[in-house]
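As a plain string of letters, each chain reads:
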Amino acid sequence: MPLPLLLFDCDGTLVDSEPLLAEEMAVGLNSVGLPFATTDYLGEFRGARFRRIVAELQQRYGEVDPDQLERMEIIMRANLATRLAQELTAIPGAREALDILDAYPSAVVSNGPESKILTALKATGLNHYFGKRFFSGYTANCWKPEPCLHLHAASIMGYAARDCIAIDDALVGVRAALKAGMTVIHLNRFPDAEETPETAIMISNMYQLPAVVERLTREYWQTPVPQHSIGG
């Protein structure tokens, strides 16, 4: 049987962008009167769509003028893009895992805009592993934790959900892929703060990924067909 499709999250799974993202979010949100600390993103909101974070904060602290929010987001994303291009590094083990798993079909599935995904992949030199095979919530108009972004990516790539392995560090992505009916590997880099769902497979670093993917492939996609004995 063909190899399964690997669907990688971007932020926190392939690239170590979340500390930069949390810092720029904190600056932007506080500038419009929405209290937010970097620890809020890395704890409560990790992996969530920015607009959902803003909506939740406005429920807690009050409405902000939409024009003011729009200007803030434009400035925040521009500052983030500059920092990603200059400061971003790959998650330890990500490049090594991609090298080992090079024979597998793969794509990136992210809640972020396409421009942010491409900037992150180029800045870390991971873009050549994926080419143009990246799928954004903004392009699909569907975001994790809903399953439709994963399903959209699988459909475009020509795979059924059951023939996909999703790799994600954030629980919003893990839950989205589980809802989509995919095999899910949770890169749990914060085991003291997050609990891996029972139906997902936990790894603590990307160096462990190839062995887990290869084991799953043997168990579910390359099971030998039993041979019937002659005259049996």
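Here the structure is shown first, and the text comes after it.
Chemist: Just checking my understanding: could you explain the sheet that holds strand β3 (residues 134-136) for this structure?
Modeler: Hydrogen bonds between backbone groups are what pair the strands of a sheet, and the pairing can be parallel or antiparallel. The strand order across the open sheet formed by six strands is β3-β2-β1-β4-β5-β6, and the pairing between neighbours is parallel. Pairing within the sheet leaves two strands with one partner each, and these edge strands are β3 and β6 (201-203). When the angles between neighbouring strand axes are averaged without regard to direction, this sheet yields 25°. Relative to strand β5 (residues 183-187), strand β4 (residues 164-168) runs parallel, the two sharing four bridges. Across the sheet, D168 pairs through a bridge with H186, a residue of β5. With respect to the sheet, helix α10 (residues 171-179) is in contact with β4 and β5, its orientation differing from that of β5 by roughly 170°. Sitting on the sheet, helix α11 (residues 209-221) is in contact with β1 (5-8), β4, β5 and β6, with an inclination near 165° to β5.

Chemist: For this particular structure, what's the right way to read the pairing of strand β2 (residues 106-110)?
Modeler: Looking along a regular strand, one sees side chains alternate from face to face of the sheet. Among the five residues that make up β2, five are buried, leaving the element largely enclosed by the rest of the structure. Bridge count between β1 and β2: three bridges; the pairing is parallel. Bridged to L7 within β2 is A107. When β2 meets β3, the two strands line up parallel, connected through three bridges.

Chemist: What should I look at first to understand the pattern of salt bridges in this one?
Modeler: Any two side chains of opposite charge can pair, so long as their charged atoms come close to each other. Inspection of the entire model under this criterion finds 15 salt bridges. E56 is the salt-bridge partner of R60, the closest N and O atoms lying 3.0 Å from each other. A residue pair is termed a helical-turn pair when its members lie 3 or 4 positions apart in one helix, as R60 and E56 do in helix α3 (residues 50-61) at four residues. Judged by its relative accessible area of 40%, R60 is partly exposed. E56 gets classed as partly exposed once you look at its relative accessible area, which sits at 24%. Residues E87 and R83 are paired through a salt bridge, measuring 3.0 Å at the closest nitrogen-oxygen approach. With E87 and R83 both in helix α4 (residues 66-87) and four residues apart, this pair spans about one turn of that helix. Note on E87: relative accessible area 40%, which makes it partly exposed. Its relative accessible area of 18% is what places R83 among the buried residues.

Definitions and limits used
- Residues numbered from 1 in each chain as written.
- Predicted model: local features only at pLDDT ≥ 70, side-chain atom pairs only at ≥ 80, totals over all residues.
- Heavy atoms only, no water.
- Pairing = 2+ DSSP bridges.
- Helix = DSSP H or I, 4+ residues; strand = E, 2+ residues; numbered from the N terminus.
- Axes fitted to C-alpha atoms, helices over the stretch in contact; angles between N-to-C directions.
- Contact = heavy atoms within 4.5 Å.
- Buried < 20%, exposed > 50% of the residue type's maximum accessible area, 1.4 Å probe, protein only.
- Salt bridge = Lys/Arg side-chain N within 4 Å of Asp/Glu carboxyl O.

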